[in-house]
Amino acid sequence: MSRPRCVVDTNVLISAGLSPNGTPRQVVQWVIDHGFLLVPTATLTEFESRFVPRAKFDRYLPESERVRFVSEVVEAAILHRVTSRLTVCADPGDDRFVELAVDGRADCIVTGNTKDFPSAHAGIPELTPAQFAQTYTEA
């Protein structure tokens, strides 16, 4: 199997950061180790600003560990120039993930919120972290 190109949405990244033993973390780590992690630039900024400084996350992980995880994601992320402008998602803020998936020739979009995404736009499936794990890590 070739290395899959995967777009991962912000909520999956945050879940991965908060739960080092959870499925989202296993998926993100697998993509970093065995695939290509495609992330919109705006998502990296949003991820850092929503994840690192929030005191409510201290009960899950200290800020220093959150900073370390953000750094790992930023270092692994492949930033791809996006030229597509699409309006295909129920939540317009999610269109950027589909745009990146199309322009970055992604194999899938990993999201915990599949209901807001169109079903397999341009042949690119939207998978929950559990579906991704079943499809890719158990193969």
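A short tour of the structure in this document, coming up. (Residues numbered from 1 in each chain as written. Predicted model: local features only at pLDDT ≥ 70, side-chain atom pairs only at ≥ 80, totals over all residues. Heavy atoms only, no water.)

Things to note about the pattern of salt bridges
Threshold: The salt bridge criterion pairs a side-chain nitrogen of Lys or Arg with a carboxyl oxygen of Asp or Glu, the two atoms within 4 Å. Strands here mean DSSP runs of E at least two residues long; helices mean DSSP runs of H or I at least four residues long; both are numbered from the N terminus. Burial status follows relative accessibility: with a 1.4 Å probe on protein chains alone, a residue under 20% of its type maximum counts as buried, one over 50% as exposed, and anything between as partly exposed.
A full pass over the atoms with the stated rule returns seven salt bridges. Across the pair Arg-68 and Glu-65 runs a salt bridge whose closest N-O atoms are separated by 3.3 Å. Here Arg-68 pairs with Glu-65, and both are found in helix α4 (residues 63-76), just three residues apart, close to one helical turn. Looking at Glu-65, the relative accessible area reads 31%, which means it is partly exposed. Between Glu-99 and Arg-85 there is a salt bridge, with the nearest N and O atoms lying 3.6 Å from each other. Of the two residues, Glu-99 sits in helix α5 (residues 95-103) while Arg-85 sits in the loop between α4 and α5, which places them 14 residues apart along the sequence. You can call Glu-99 buried: its relative accessible area is 9%. Given a relative accessible area of 63%, Arg-85 falls into the exposed group. Salt bridges sharing common partners tie together Glu-46, Arg-50 and Arg-96.

Considering the sheet that holds strand β1 (residues 5-8)
Note: strands within a sheet are paired through backbone hydrogen bonds, in either parallel or antiparallel orientation. Threshold: For two strands to be treated as a pair, DSSP must find at least two bridges joining them. Residues are treated as being in contact if the distance between any of their heavy atoms lies within 4.5 Å. Orientation is described by lines fitted to C-alpha atoms, with helices fitted over the stretch in contact, and by angles between N-to-C directions that extend from 0 to 180 degrees.
Spatially, the four strands line up as an open sheet ordered β2-β1-β3-β4, and their pairing is parallel. The open sheet has two edge strands, β2 (36-38) and β4 (126-127), and neither has a second partner. Pairing of strand β3 (residues 108-110) with β4, which is carried by two bridges, proceeds in the parallel orientation. For Ile-109, the partnering residue across the bridge sits in β4 and is Glu-126. Helix-sheet contacts for α5 involve β1, β2 and β3, and the interaxial angle to β1 is about 170°.

Here's the deal with α5
Extensive coverage of α5 is indicated by the burial of seven of its nine residues. Along its buried surface, α5 packs onto β1, α1 (10-18), β2, α3 (41-51) and β3. Looking one or two places after α5, you find Arg-105, whose phi comes out positive at around 50°.

With respect to the packing of α3 against α4
In plain terms, the rule: Under this scheme an angle from 65 to 115 degrees is roughly perpendicular, one under 35 degrees roughly parallel, and one over 145 degrees roughly antiparallel; angles in between are oblique. Note on residue categories: nonpolar means Ala, Val, Leu, Ile, Met, Phe, Trp, Tyr, Cys or Pro, charged means Asp, Glu, Lys or Arg, and polar means any other residue, Gly included.
Between α3 and α4, the least distance of the axes is 10 Å, while the angle of their chain directions is 175°. In terms of axis orientation, α3 runs roughly antiparallel to α4. On the side of α3, the interface is formed by Leu-44, Phe-47, Glu-48 and Phe-51, while α4 contributes Arg-66, Phe-69, Val-70, Val-73 and Val-74. Among the residues forming the contact of α3 with α4, the class breakdown is seven nonpolar, no polar and two charged.

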